[in-house]
Amino acid sequence: MKVKESVKYYKSIVEDSKNTWKRPMEVISKQDAHVDTLHHKGLLNMCANNYLGLAGSAAMADAAKKGIDRWGFGLSAGRSLCGTQSVHRELERRLSNFLHMEDTLLYTSCFDANGGIFAALLDSQDAVISDELNHASIIDGIRLCKAQRYIYKNNNMSDLRKRLEEAKDALVKLIVTDGVFSMEGTIASLVEICDLAEEYGALVMVDDSHATGFVGAHGRGTHEHCGVEGRVDIISGTLGKALGGASGGFISASKYIVTVLRQRSRPYVFSNSLMPCICQANVKVIDILEESTGLRDKLMDNTQYYREEIKKLGFEVPDGAHPIVPIILGDESVAAEFSQRMIDKGVFVMSISYPVVAKGRARLRTQISAAHSKEDLDFVISCFAKVKEEMGL
Ligand SMILES: Cc1ncc(COP(=O)(O)O)c(C=O)c1O
């Protein structure tokens, strides 16, 4: 194709999909329970991953400002050169202690962490066994490695066993799962996964991006929730959701795995160091989490209340106790219209449809935050009831 034809090709893609591609609403306020957008004031926000309500908080802003004063704006260097400040190491230590893991290394996102782990740990004689609903970053990371790949049906233990059986002659075997499936709000069966891993001599990796900070009695994550601390070998996670919501990711594991990653994981070695004020603010997050479980307790109370009330309205909601609460509507256009009507009533909730979820399983993914008040949740529930009636569902 000539250059002009290539440009035309992309133009035609954009024109073909004009009516189906979503455009983000431009937010003109801080991230919080309520946000202002260009066209709507004070929308009640039900679609942020701001589980603990820290993202727009004064505590985070203050800690980050102190971080800038102490450590400067940036490092202009990767971690392996002169881009490791004491605050990076401090956060790595604090995360390790909090998660009860041996060591941790930081990335600039969890996408990078997942993108950079498999090729660093696995080669052609090894096997990776991955849940079909795992996050895109895990799928991409696996594509970059030479290991044999096996996909098992979502959280289906008999299928996982079959895949492990097929992979049994591989040298290193690594089972990888999301701790929480982010479109469903369901938690992986980690006890059974760890049992199977032991039986087949496999390592277990859990992506706890939707769990670290609030799932489990102390908010350590799904390994705490499922009672498998010490049995999960690798945890990846994000700083961009519950833990303050800025950006950054990490991998926690045994010191030998982390040491290999520091040498071989390409997004760690060949990318710039995480902004130091983010590290400083995330040390503060760990302080908050270790001082009290208040925020995660409020989040879980909110979640329980909301799940009970929304179910009373007769919506299809996957069972669970996680603050991701998807309202399954099925039809794509119904979900899109439902979302628009909710926004018009003052509730920021977006529809999610194919290819992110299966065809005919479109949904509104609502997400609860510790920043929501009971009145906020009552308002959302009343809007769901009204729109359901308006649309005759
Ligand atoms: C399960 C899961 N893993 C990884 C990521 C990527 O995290 P980050 O935003 O830090 O790149 C996300 C974010 O959407 C996620 O939901």
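Quantities reported herein were computed from a predicted structural model and do not represent experimental measurements. (Residues numbered from 1 in each chain as written. Predicted model: local features only at pLDDT ≥ 70, side-chain atom pairs only at ≥ 80, totals over all residues. Heavy atoms only, no water.)

A few words now on the environment of Trp71. Its location among the elements puts Trp71 in helix H2 (residues 58-71). Judged by relative accessible area, which is 16%, Trp71 ranks as buried. With near-sequence residues (within four places) excluded, Trp71 lies in contact with Gln85, Ser86, Val87, Pro276 and Gln280. (Helix = DSSP H or I, 4+ residues; strand = E, 2+ residues; numbered from the N terminus. Buried < 20%, exposed > 50% of the residue type's maximum accessible area, 1.4 Å probe, protein only. Contact = heavy atoms within 4.5 Å.)

A few words on helix H1 (residues 3-16). For H1, which comprises 14 residues, the first-to-last C-alpha distance of 20 Å matches the rise-based estimate of 20 Å (1.5 Å per residue) to within 8%. For H1, the buried fraction is low: zero of the 14 residues fall into the buried class. (Expected span 1.5 Å × (residues − 1).)

Note that Ser236 resides in strand E10 (residues 234-238). Taking relative accessible area as the criterion, Ser236 reaches 0% and is therefore assigned buried.

Moving on: the domain arrangement of the chain. Domain parsing of the chain yields domain 1 (20-49 + 293-390) and domain 2 (58-291). With both sides pooled, the region where domain 1 packs onto domain 2 buries about 1,400 Å², and carbon together with sulfur makes up 59% of that total. By the criterion of area lost to domain 2, the three top residues of domain 1 are Asn49, Arg296 and His322, representing 38% of everything that side buries. Counting the contacts that link domain 1 with domain 2 gives one salt bridge. Arg363 serves as the salt-bridge partner of Glu184, at 3.1 Å between the closest nitrogen and oxygen. Scanning the region where domain 1 abuts domain 2 turns up six residue pairs in polar contact (both at pLDDT 80 or more). (Domains from an automatic or database assignment. Buried area = accessible area lost by both parts, 1.4 Å probe. Salt bridge = Lys/Arg side-chain N within 4 Å of Asp/Glu carboxyl O. Polar contact = N/O pair within 3.5 Å; in protein donor to acceptor, adjacent residues only side chain to side chain.)

Our next topic: the sheet that holds strand E14 (residues 351-352). The strand order E12-E15-E14 describes an open sheet built from three strands, whose pairing is antiparallel. The outermost strands of the open sheet, each flanked by one partner alone, are strand E12 (324-330) and E14. Bridge count for E14 against strand E15 (residues 362-367) is two bridges, and the pairing is antiparallel. Note that in E15 the partner of Ser351 across the bridge is Leu364. Along the sheet, helix H12 (residues 294-312) makes contact with E12 and E15, crossing E12 at roughly 15 degrees. (Pairing = 2+ DSSP bridges. Axes fitted to C-alpha atoms, helices over the stretch in contact; angles between N-to-C directions.)

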